[in-house]
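Architecture and fold: a report
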Amino acid sequence: MFHKKISLFLAVCSIAVLSCNTNTSTPADNLIPKPVSVTKGSGQFTITEGTSIIAATEAVKIGEYLSAQLKPATGFALKVTPGTAATKGSIFLTLGGDASLGDEGYELSVTADQVTVTAQKPAGLFYGIQTIKQLLPEAINASAKQEAKWELQSVTIKDQPSYAYRGSMLDIARHFFGVEDIKRYIDLIATYKMNTLHLHLTDDQGWRIEIKSWPNLTAHGGSTEVGGKKGGFLTQDQYKDIVQYAMDRYITIIPEVDMPGHTNAALASYPELNCNDTATKLYTGTEVGFSTLCTSKEVVYKFLDDVIKELAAITPGQYIHIGGDESHATKKEDYIPFMEKVQGIVKAHGKLAIGWDEIANCTLQPNTIAQYWADAANSTEAVKKGAKVIISPARKAYADMQYDSTTRLGLHWAGYIEVDTAYIWDPATLEPGIKRENIVGVEAPLWTETIVTMDDIEYMLFPRLPGYAEIAWSPVTGRSWDEYKVRLGNHGPRMKAMGIDYYPSKKVTWK
Ligand code: IFG
């Protein structure tokens, strides 16, 4: 009997040990994107309602952003005081430190007495704050007050991005998404230190940005969308509001007006843009490649000059995206001079052009960027012509691709993209003709033929987007799916706390 009791006791102990969460990792082990260096210390800093935020003058706004980020879950309204010296128990945001950190790098020090973020530029402080949030308990992302000890484990982090251009694209032409959804999208990509949002504003199914000199583009061309619902558009004031919201989060908006193809919404709005002077019908399907502006008509270049002038006036960023993809209804001998002329129009309005990789067939303005999406030969040609490249390979980075054949949303013309496929690639070695020095950065586009709601957006973006952000931000040395998938699995509760309805991929063990 005695032996039975002992063996029963031992059995119970072993189950207890096994069942308790063996996940001994702390938030500092699970940061996404992974910082350049993380050195854990002893002790922790606790944020209480008395914690003050002290910020250099140029960083007071960032201090207020931090206070606002912490308030919903903690209930604390942390005071922000301009200052150049830390006090015990404060969170200190200061400019200076190691010049090698560049414009977006930062150093983060957490001790029992103080949290300090040091950066050359305010953007670095902003990214240090994203890391602070991930060092706090997962509940910090909740939108309502939580009972938790708001502790940060002692740590020293030195961090800076690999690529300067770290972005995503949202197509608001196929299905229209308004200001609130776009601001949510900005919040989500800012969490992962992305700094660019490319807005695909026009296509066959809709024109989504007000152009005052051509009002029918939105009145008529913005009146519907894929599936035939009422569509919509951004007024210039709404666009400016989005640009400011993005800028406050160190995100640059890049507007795209696609051309000469993908233009049915404009062709339906103004007969004169068509070679036969007849307006087309509005289109609510999902075919591509059937439309073209009439490249031989002077009025088309007047139209584009007016559009680009108005867009440039409300876009502080240096780039305007002029599309150029899938112009199957435009003869190549017409496409080439057209895209060369339009690059000149962009330049005349003080901006630089980006085009999809087909633009490589043209003479490129010195700073025109080619965006690699499908044709490696085009992108290699662009590199040969001295252009820089944004890497957005459809087979790896198109967030509208289904995860697998059972995914309710999305397409699969470029293949299925499970979470591991989305992560296991290196922009610098993906294509032989595109070297690290030719690449400005990485972008993950989300096309919306099949995407209707913000929930749909989040389901397709997550959990792949944190991986794209890591590919764009973190050092490639030592990168491995087997290591990353553990961090991603532990990141699940943070995405849940952010209200993200993510795809629970079976490739990951979710916490
Ligand atoms: N290709 C088209 C997009 C969109 C996409 C859907 C580019 C550059 C397929 N062009 O990607 O308009 O339809 O996956």
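Here the structure is a predicted model, which is why all the values come from computation and not from measurement. (Residues numbered from 1 in each chain as written. Predicted model: local features only at pLDDT ≥ 70, side-chain atom pairs only at ≥ 80, totals over all residues. Heavy atoms only, no water.)

Concerning the sheet that holds strand 5 (residues 106-110)
- The sheet built from seven strands is open, its strands ordered 1-7-5-6-4-2-3 with mixed pairing. If you trace the sheet from one side to the other, it starts and ends with strand 1 (37-46) and strand 3 (80-82), each paired once. Each neighbouring strand pair of the sheet contributes to a mean axis angle of 20°, computed without reference to strand direction.
- As defined by bridge partners, strand 2 (residues 52-55) adjoins strand 3 across three bridges and the pair is classed as parallel. The partner of Ala55 across the bridge, within strand 3, is Pro82.
- Where helix 2 (residues 60-74) meets the sheet, it contacts strand 2, strand 3 and strand 4 (90-95), and its direction lies at approximately 170° from that of strand 3. (Pairing = 2+ DSSP bridges. Helix = DSSP H or I, 4+ residues; strand = E, 2+ residues; numbered from the N terminus. Axes fitted to C-alpha atoms, helices over the stretch in contact; angles between N-to-C directions. Contact = heavy atoms within 4.5 Å.)

Quick look at the packing of helix 4 (residues 179-191) against helix 14 (residues 454-461)
- Remark: helix 4 packs on helix 14, axes separated minimally by 11 Å, with the N-to-C direction vectors making an angle of 25°. Between helix 4 and helix 14, the crossing angle belongs to the class labelled roughly parallel. Helix-helix and strand crossings are classified by hand; for helix 4 and helix 14 the assignment is right-handed. Residue-level contacts link Asp181, Arg184, Tyr185 and Leu188 of helix 4 to Met454, Ile457, Glu458 and Leu461 of helix 14. (Parallel < 35°, antiparallel > 145°, perpendicular 65-115°, else oblique. Left-handed = near helix turned anticlockwise from the far one by under 90°.)

Thoughts on the site of the ligand
- Taken together, the neighbourhood of the ligand is formed by 14 residues, with Asp325, Tyr398, Asp400, Trp413 and Glu449 sitting nearest.
- Contact between the ligand and Asp400: an oxygen atom at 2.6 Å from a side-chain N or O atom of the residue.
- In isolation the ligand exposes 360 Å². Once the protein is present, 97% of that is buried.
- Class assignment for the residues of the shell around the ligand results in eight nonpolar, one polar and five charged. (Near = heavy atom within 4 Å. Polar contact = N/O pair within 3.5 Å; in protein donor to acceptor, adjacent residues only side chain to side chain. Areas by Shrake-Rupley, 256 points an atom, 1.4 Å probe, with all protein chains shown as cover. Nonpolar A, V, L, I, M, F, W, Y, C, P; charged D, E, K, R; others polar.)

Regarding the confidence of the model for the protein
- For the protein, the average pLDDT comes to 95, and 95% of its residues sit at 70 or higher.
- Note on residues 13-21: pLDDT under 50 across the span, and zero contacts to partners over four residues away in sequence or across chains. (pLDDT = per-residue confidence, 0-100.)

A short note on the environment of Asn274
- Structurally, the position occupied by Asn274 is in the loop between helix 7 (264-269) and helix 8 (298-313).
- For Asn274, a relative accessible area of 6% gives the class buried.
- The sequence separation of Asn274 and Val299 amounts to 25 residues, and the corresponding C-alpha distance is 10.0 Å. (Buried < 20%, exposed > 50% of the residue type's maximum accessible area, 1.4 Å probe, protein only.)

A short note on empty space enclosed by the protein
- Counted by the stated rule, this structure contains two cavities of 30 Å³ or more.
- Empty space within the largest cavity amounts to approximately 40 Å³.
- Considering the residues around the largest cavity, the lining is formed by Gln130, Lys133, Gln134, Asn141, Thr191, Arg494 and Met498.
- Here the element with the most residues in the lining of the largest cavity is helix 3 (residues 122-135); it accounts for three residues.
- Partitioning the lining of the largest cavity into residue classes produces one nonpolar, four polar and two charged.
- The space that makes up the second largest cavity amounts to roughly 30 Å³.
- For the second largest cavity, the full set of lining residues is Trp207, Val257, Asp258, Met259, Thr263, Ala266, Leu293, Phe303 and Leu304.
- When contributions to the lining of the second largest cavity are tallied by element, the ones reaching two or more residues are strand 10 (252-259) and helix 8. (1 Å grid on protein atoms, 1.4 Å probe; cavity = no way out; pocket = protein on both sides within 12 Å on 5 of 7 lines; lining within 4 Å. Points joined across faces, edges and corners; volume = space filled by probe spheres on them.)

A closer look at the packing of aromatic side chains
- Here the structure, examined in full by the defined rule, presents 23 aromatic pairs.
- Ring plane angle 75° and centroid distance 4.9 Å describe the contact between Trp214 and Phe303, whose orientation is recorded as edge-to-face. Of this pair, Trp214 sits in the loop between strand 9 (196-200) and helix 5 (216-219) while Phe303 sits in helix 8, placing them 89 residues apart in sequence. Each member of the pair, Trp214 as well as Phe303, is classed as buried.
- Cation over ring: Arg249 sits above Tyr245, and NZ or CZ is 3.5 Å from the ring centre. (Phe/Tyr/Trp six-rings, centres within 6.5 Å; stacked < 30°, edge-to-face > 60°. Lys NZ or Arg CZ within 6 Å of the ring centre and 35° of its normal.)

Examining the side chain of Ser327
- Looking at the secondary structure, you find Ser327 in the loop between strand 11 (319-323) and helix 9 (332-348).
- According to the relative accessible area criterion, Ser327 is buried, its value standing at 11%.
- With sequence-adjacent residues up to four places away left out, Ser327 is seen in contact with Met259, Pro260, Gly261 and Tyr335.

As for the environment of Ile336
- Topologically, Ile336 is positioned in helix 9.
- The spacing of Ile336 and Thr363 is 27 residues in sequence and 7.9 Å in space, taken between C-alpha atoms.
- The contact partners of Ile336, leaving out residues within four places of it in the chain, are Asn361 and Cys362.

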